Every structure is written in C-alpha cells, then in structure tokens.
Amino acid sequence: MEDHELKKIFPNLTPGTSAPAMFRLNGCGLALYGSRDRHKESNTYVSTYCISLVFIPIIALKAYRISDAPNGGWYFLGTEPLSAFAKIWNALLASFIVAAIAAGAYEAHTTSPEYRAKVNLAEAIELRQEGKLEKAAEQYKLVFISRAPQKKEGLKGLKELVQMNIKKGDALLAAKLFRTQVSAEKYRYVDNQRKKELWQEAVSYLDGTIGSDLTAARHLLKTVKDIAPLPKDFEE
C-alpha cells in the first residue's frame, strides 16, 4: 500500500517501515505493548513502544501501526500519536520523578549538619531570650558538637551563658551550664591542654560566686572530676 493511500485511511500516520530496536533481559528493556484502533480491512492495529521493567511498561516512547507477520513478528506501517492515556501516564511519571528528586534534595538539605546547626542556633537564641537557659545550653551544645561551620558559635553561646549567670550571682545555674559546656567539649575530645584550661576556669568559679553555694560547688567539682579524674591527666 502506497504512502498516500495509507494517509487517506490513517490521517495521523507517519509512514515508515523501519522497526524500532526491541530487546528484553529478565523482563527489562524495550518492547511493544497493547493494541488499539484496529482496522479490519488492512488487518492492522496500533501498539505502543515502551520501556519495560520486569515486563511492566513504564514509559511510553512511541506508537506504531503494525500488522502481524505470518511467521511471527510484525510489519511496521509507520508511527501514530501516543494515546491520551499514554501521554497522561508519561506526564504523571515525569511529575513523580521531579517531585521525588525535589523531595530528596529537600531532605538532604534539611538533614545536613549546616542546616541542623542553623536551626539549633536559632532555637538556642529564642530560648535564651525566653529565659530558658538550660534548654538554650542544650541547643548550643548540639551546634558545637555538629560538624557544621557554626560550631564555634555553639561554644561561644555556652560560655556566654555561664558568664552571664556568674555575673548575676546564680551559682547553681552557672554550675549546671558549665557542666553542659564541659560535656559538649568532652564529646568532641578534650586534650590535656584544654583540660588544664577547664580546670583553671573551674577553680576561678570556685573562688568566686559558685564557691559560695555548696550545692553549686558540688556540681562544679563533679564536672571537673568527669573530665580529669586523675592527676596524670594533667601531665604533658
């Protein structure tokens, strides 16, 4: 049948006799699926050329008008437009893929150390303004022990909370906050030099506000014991 005759019968047909590449390995590959728009006189129908996964068509690539060959296989008359269903399916699949990529990117962003540290730092500042200093200290600690660039801000915030309460004369709270600071530093590793520095800070606090409060002093001594329980820890 000539091309112009085919166009009269099938106005949407783009004539062409070349067959597309078809193969499947364990049900995955390229193949024809389904049949529609059958034409009895020419004994032809439209089949959709798809990417398949485990024998299931996933993406519709093209539609071909074909006829069955006597000994198996097909004769290809040309291409037809994809069906409305195939177009909608492709659009939905593309939308799903885009949404999945966007969701993955958002998840990666919101779980990154930088993002989490930023959130913790903002929470610490808000809690500090509300006067919830122990909770603020825990948020500063999370910032400091993270691998984010803001970790120095976390330690700075912890030290500021301690000093602020020393000046206010709240010995017990200052001792508790210092314990949080030390536990944060210990989490990241405290070398001998830093242990000496922390010890010196503790001694200065004992000589001042914290030393005047027995309960606070006990908290402070317990903190120092946790980081340097033996004298050898101060040896070079």
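Here, every reference points to the structure presented above.
Residues numbered from 1 in each chain as written. Predicted model: local features only at pLDDT ≥ 70, side-chain atom pairs only at ≥ 80, totals over all residues. Heavy atoms only, no water.

## Here we look at the overall build of the protein
- Broken down by element type, the protein carries eight helices and six strands.
- The C-alpha radius of gyration computed for the protein amounts to 36 Å, which surpasses the reference 18 Å derived for 236 residues by more than 25%, pointing to a less compact arrangement than a globule.
- Here the C-alpha coordinates of the protein stretch approximately 105 × 40 × 25 Å along the principal axes.
- Taken over 236 residues, the protein has a buried fraction of 37%.
- Of the roughly 14,600 Å² that the protein leaves accessible, carbon and sulfur atoms contribute 58%.
- Charged side chains of the protein number 33 positive and 27 negative; the gap between the two group centres comes to 2 Å. (Helix = DSSP H or I, 4+ residues; strand = E, 2+ residues; numbered from the N terminus. Rg over C-alpha atoms; globule rule 2.2 N^0.38 Å. Buried < 20%, exposed > 50% of the residue type's maximum accessible area, 1.4 Å probe, protein only. Areas by Shrake-Rupley, 256 points an atom, 1.4 Å probe, with all protein chains shown as cover. Lys, Arg positive; Asp, Glu negative; His and termini not counted. Charge placed at Lys NZ, Arg CZ, Asp CG, Glu CD.)

## What about the pattern of salt bridges?
- If you walk through the whole model with that rule in mind, you get seven salt bridges.
- Among the ionic pairs, Asp37 bridges to Arg36, the shortest N-O distance being 2.7 Å.
- Note that Lys132 is salt-bridged to Glu130, the shortest N-O span being 3.5 Å.
- Residue Glu130 is classed as partly exposed on the basis of its relative accessible area, which comes to 44%. (Salt bridge = Lys/Arg side-chain N within 4 Å of Asp/Glu carboxyl O.)

## Some words on the nonpolar core
- Leu161, Phe178, Tyr205 and Ile210 are the most contacted members of the largest nonpolar core, which totals 32 residues.
- Elements that contribute at least two residues to this core include exactly α3 (113-129), α4 (133-145), α5 (151-168), α6 (171-188), α7 (192-207) and α8 (214-227).
- If you tally residues by element for this core, the top one is α6, at eight residues.
- Contacts of Leu161, omitting those with residues within four sequence positions, involve Arg128, Leu133, Ala136, Ala137, Tyr140 and Leu177. (Core = buried A, V, L, I, M, F, W, Y, C linked by side-chain atoms within 4.5 Å. Contact = heavy atoms within 4.5 Å.)

## Considering the sheet that holds strand β3 (residues 28-39)
- Spatially, six strands are ordered β1-β6-β5-β4-β3-β2 in an open sheet, and the strand pairing comes out antiparallel. The outermost strands of the open sheet, each flanked by one partner alone, are β1 (14-15) and β2 (23-25).
- For β3 and strand β4 (residues 44-53), the ladder comprises seven bridges, and the chain directions are antiparallel. Bridge assignment links Gly29 to a residue of β4, and that residue is Ser52. (Pairing = 2+ DSSP bridges.)

## Things to note about the side chain of Asn120
- Position of Asn120 relative to the elements: it lies in helix α3.
- Look at Asn120 and you get buried, because its relative accessible area is 8%.
- Among residues more than four places away in sequence, those in contact with Asn120 are Gln139, Leu142 and Val143.

## Quick notes on the environment of Ala148
- The residue Ala148 is located in the loop between α4 and α5 in this model.
- By relative accessible area, Ala148 is classed as buried at 2%.
- C-alpha separation for the pair Ala148 and Ala69, spaced 79 residues apart in sequence, amounts to 66 Å.
- Apart from the residues within four sequence positions on either side, Ala148 is in contact with Pro113, Glu114 and Ala117.

## With respect to the pairing of strand β5 (residues 56-68)
- Pairing analysis gives nine bridges linking β4 to β5, with the strands arranged antiparallel. Across the sheet, residue Tyr45 finds its bridge partner in β5, namely Ile66.
- Following β4, the chain reverses through two residues before pairing antiparallel with β5; Val54 in that reversal takes a positive phi of roughly 50°.
- Between β5 and the antiparallel strand that follows it, strand β6 (residues 74-80), lie five residues; Gly72 among them carries a positive phi value of about 100°.

## Remarks on the pairing of β6
- Summarising the sheet, β1 and β6 pair through two bridges and their orientation is antiparallel. Residue pairing in the sheet places Pro15 in a bridge with Gly78 of β6.
- Across six bridges, the pairing between β5 and β6 is antiparallel. Looking at β6, one finds that Asp68 is bridged to Trp74.

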